[in-house]
Amino acid sequence: MERKYTFVDLFAGCGGLSLGLQQAGFIPCFVNEIKEQFCNTYKVNHDLSDDHYFVGDIKDLNQNIDKYSELLSDVTLVCGGPPCQGFSMANRQRILDDPRNILYKQFLIFLNHTRPKFFIMENVKGMMKKIDEIKNGLREYLGEDYKYGYAILKAQDFGVPQNRERFIMIGNRIDLSPEEIFSEINQNKRKPFVLKDALQGLPHLESKKNKGLIETECEESGFTVCDFSYIENDFYRFINGDKKINKLYNHKNRYNNQRDIEIYRRLPQGANSLHESISDIMPYKRRNNIFKDKYFKLDETQICKTITSHMQYDCNMYIHPWEARGLSPREAARIQTFPDDYIITGSQNLWYAQVGNAVPVKLAKAIGKGIIKFLG
């Protein structure tokens, strides 16, 4: 009988890390996410009954862990990315003392409860600056049972068309050398796709002209879902495999004022707010040194800048390379290497937030393949 390697995803968001691990061969058995709308997206895209989810604070989960003992018994892997406000490069407080990092401590408490064979902790690269304190926390909560290693992994090294660096820590209690695991992960490196690959073939969109009409959908500004025939190029096969997808989800543009649309139109690819082409209409001119990246037009021949949740507020830093608009949520999801049939639920602004917070799927898959190799 084929063995099943199960995993728990904490701080799961809309499921980017989970999906990559699934593509590597792991099976989700339990999910924790505090934001109900993010969890709804996870549910729509996964075949798990509601009793396999805990929607709420991980602290409450840990206090009620006995209720889930059957589901959490003999878990192979626990993964998660505790919210990272206190892990910034500028933060000088001890990591475990920072009140914003109580969730990091709860992650360790959960590991102590479940004792998986492996754990993955991912975060911003600034976490590397706090590594000594992280090690102290691991010793405090897990003792000496786990061997662990860490690295800054670049998503673009694994085919993702995006400049995204993440701190990845992997621990195991099956006496494996961490160097072996990261060496195996690095076997999955490949040349990155560029932005043009990710955007090619998607329908033309224009900015919505009428402010406030959130539910308006039309061919000009896009749809939540519509019939669509994809160009099956190398990038399509990279994110979708052999699936034949005939729907287009979340390809919908937001409202922009006429000044912004004109800035989008004038800027050449790769240019920012300081470019001479927009000097006569650029706001904040007296503070150009601060707002030089207030606007940025992406270059189709390069990888994309890091997709972030800031896109829920505006896409001025993510101007489409050849259209006078910001990237759509579907385009952002493609850059994060979500497959085209992955449905993002909720409001349009929350589509951006969910995609921006996610781990790139193909980076997660590479990590999962590196770990599962040692479980055969």
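Look up: the structure comes first, before these words.
Residues numbered from 1 in each chain as written. Predicted model: local features only at pLDDT ≥ 70, side-chain atom pairs only at ≥ 80, totals over all residues. Heavy atoms only, no water.

Undergrad: Could you clarify how one ought to interpret the state of the cysteines in this entry?
TA: Disulfide: a covalent bond connecting the sulfur atoms of a pair of cysteines. Applying the stated rule across the entire model yields 0 disulfides. Here Cys14 is not disulfide-linked; the sulfur of Cys39 is the nearest cysteine sulfur, at 11 Å. Judged by relative accessible area, Cys14 falls into the buried class, the value being 2%. Cys218 provides the cysteine sulfur closest to Cys226, a residue in no disulfide bond, and the two sulfurs are 11 Å apart. (Disulfide = S-S within 2.5 Å. Buried < 20%, exposed > 50% of the residue type's maximum accessible area, 1.4 Å probe, protein only.)

Undergrad: What should I look at first to understand the packing of aromatic side chains in this one?
TA: One pair of aromatic rings is described through two measures. These are the centre distance and the angle between the planes. Enumeration over the complete set of coordinates arrives at 11 aromatic pairs. When the ring of Tyr42 is compared with that of Tyr53, the centres are 5.9 Å apart and the planes differ by 85 degrees; the resulting orientation is edge-to-face. Of this pair, Tyr42 sits in helix α2 (residues 36–45) while Tyr53 sits in strand β3 (residues 53–55), and the two are 11 residues apart along the sequence. Judged on exposure class, the residue Tyr42 and its partner Tyr53 are both buried. By way of ring pairs, the aromatic residues Phe30, Phe54 and Tyr68 are connected into one cluster. (Phe/Tyr/Trp six-rings, centres within 6.5 Å; stacked < 30°, edge-to-face > 60°. Helix = DSSP H or I, 4+ residues; strand = E, 2+ residues; numbered from the N terminus.)

Undergrad: Please clarify how the sheet that holds strand β4 (residues 77–80) should be interpreted in this entry.
TA: Backbone-to-backbone hydrogen bonds join strands into a sheet, with any given pair of strands oriented parallel or antiparallel. Reading across the sheet, the 7 strands line up as β3-β2-β1-β4-β5-β7-β6 and stay open at both edges, with mixed pairing between neighbours. At either margin of the open sheet sits one strand with a lone partner, and together these are β3 and β6 (147–154). When the angles between neighbouring strand axes are averaged without regard to direction, this sheet yields 15 degrees. Looking at chain direction, strand β1 (residues 6–10) and β4 are connected through 4 bridges and run parallel. Following the sheet pairing, Phe7 is matched in β4 by Leu77. Against the sheet, helix α6 (residues 178–185) makes contact with β5 (118–123), β6 and β7 (165–172), and its axis sits at roughly 30 degrees relative to β6, the strand it touches most. (Pairing = 2+ DSSP bridges. Axes fitted to C-alpha atoms, helices over the stretch in contact; angles between N-to-C directions. Contact = heavy atoms within 4.5 Å.)

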